[in-house]
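Breakdown of the fold
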Amino acid sequence: MLKGPSPKDKPAHLRLSEDQTTELADMFRLMSDPSRLRIILACLDTSTSVGDMASALGLSPSLVSHHLRLLRAGRLIQAERRGNRVFYLITDEHIRRVLSDMVDHVSESEGDLEP
């Protein structure tokens, strides 16, 4: 049986509806705040609690909690309760891959980039 073209064969701008484009823009807006981005990156490789993040990032626990609420609502991170503590982690492989690739890109020295 022959299959038609995959949706991924379409150009990126044709694969999203207006609502999906708005959702994607909202995700990038959430990541555009340096404190939120640092929180996201803290959750990239290991599950982390609010207190640990606040301490490691030099932010108040209430500010970290505020940002985490926004990031959870934007489906960028997930929460997992363990006893009386909540830990946060990026579990979506797409988000993990995009962020890891961007960290690698930014951390490359200019000498590593070809003209």
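The coordinates are above.
What comes next is a walk through the structure.

Digging into the pattern of salt bridges
Considering all chains together, one arrives at 6 salt bridges under this definition. Here Asp45 makes a salt bridge to Arg96, at a shortest N to O gap of 3.9 Å. Separated by 51 residues along the polypeptide, Asp45 in the loop between helix H3 (34–42) and strand E1 (48–49) and Arg96 in helix H6 (residues 93–107) bring together distant segments of the chain. Judged by its relative accessible area of 22%, Arg96 falls in the partly exposed class. A salt bridge links Glu93 to Arg96, with the shortest nitrogen-to-oxygen separation between them at 3.9 Å. With a gap of 3 residues between them, Glu93 and Arg96 both fall in helix H6, about one helical turn apart.

Notes on the packing of H3 against helix H5 (residues 61–73)
As a packed pair, H3 and H5 sit with axes 10 Å apart at the nearest point and diverge in direction by 80°. One way to sum up the angle between H3 and H5 is to call them roughly perpendicular. Residues Ser35, Arg36, Ile39 and Ile40 of H3 form the contact with H5, whose participating residues are Val64, His67, Leu68, Leu70 and Leu71. Tallied by class, residues from the contact of H3 with H5 come to 6 nonpolar, 2 polar and 1 charged.

About the cut-offs
Residues numbered from 1 in each chain as written. Predicted model: local features only at pLDDT ≥ 70, side-chain atom pairs only at ≥ 80, totals over all residues. Heavy atoms only, no water. Salt bridge = Lys/Arg side-chain N within 4 Å of Asp/Glu carboxyl O. Helix = DSSP H or I, 4+ residues; strand = E, 2+ residues; numbered from the N terminus. Buried < 20%, exposed > 50% of the residue type's maximum accessible area, 1.4 Å probe, protein only. Axes fitted to C-alpha atoms, helices over the stretch in contact; angles between N-to-C directions. Parallel < 35°, antiparallel > 145°, perpendicular 65-115°, else oblique. Contact = heavy atoms within 4.5 Å. Nonpolar A, V, L, I, M, F, W, Y, C, P; charged D, E, K, R; others polar.

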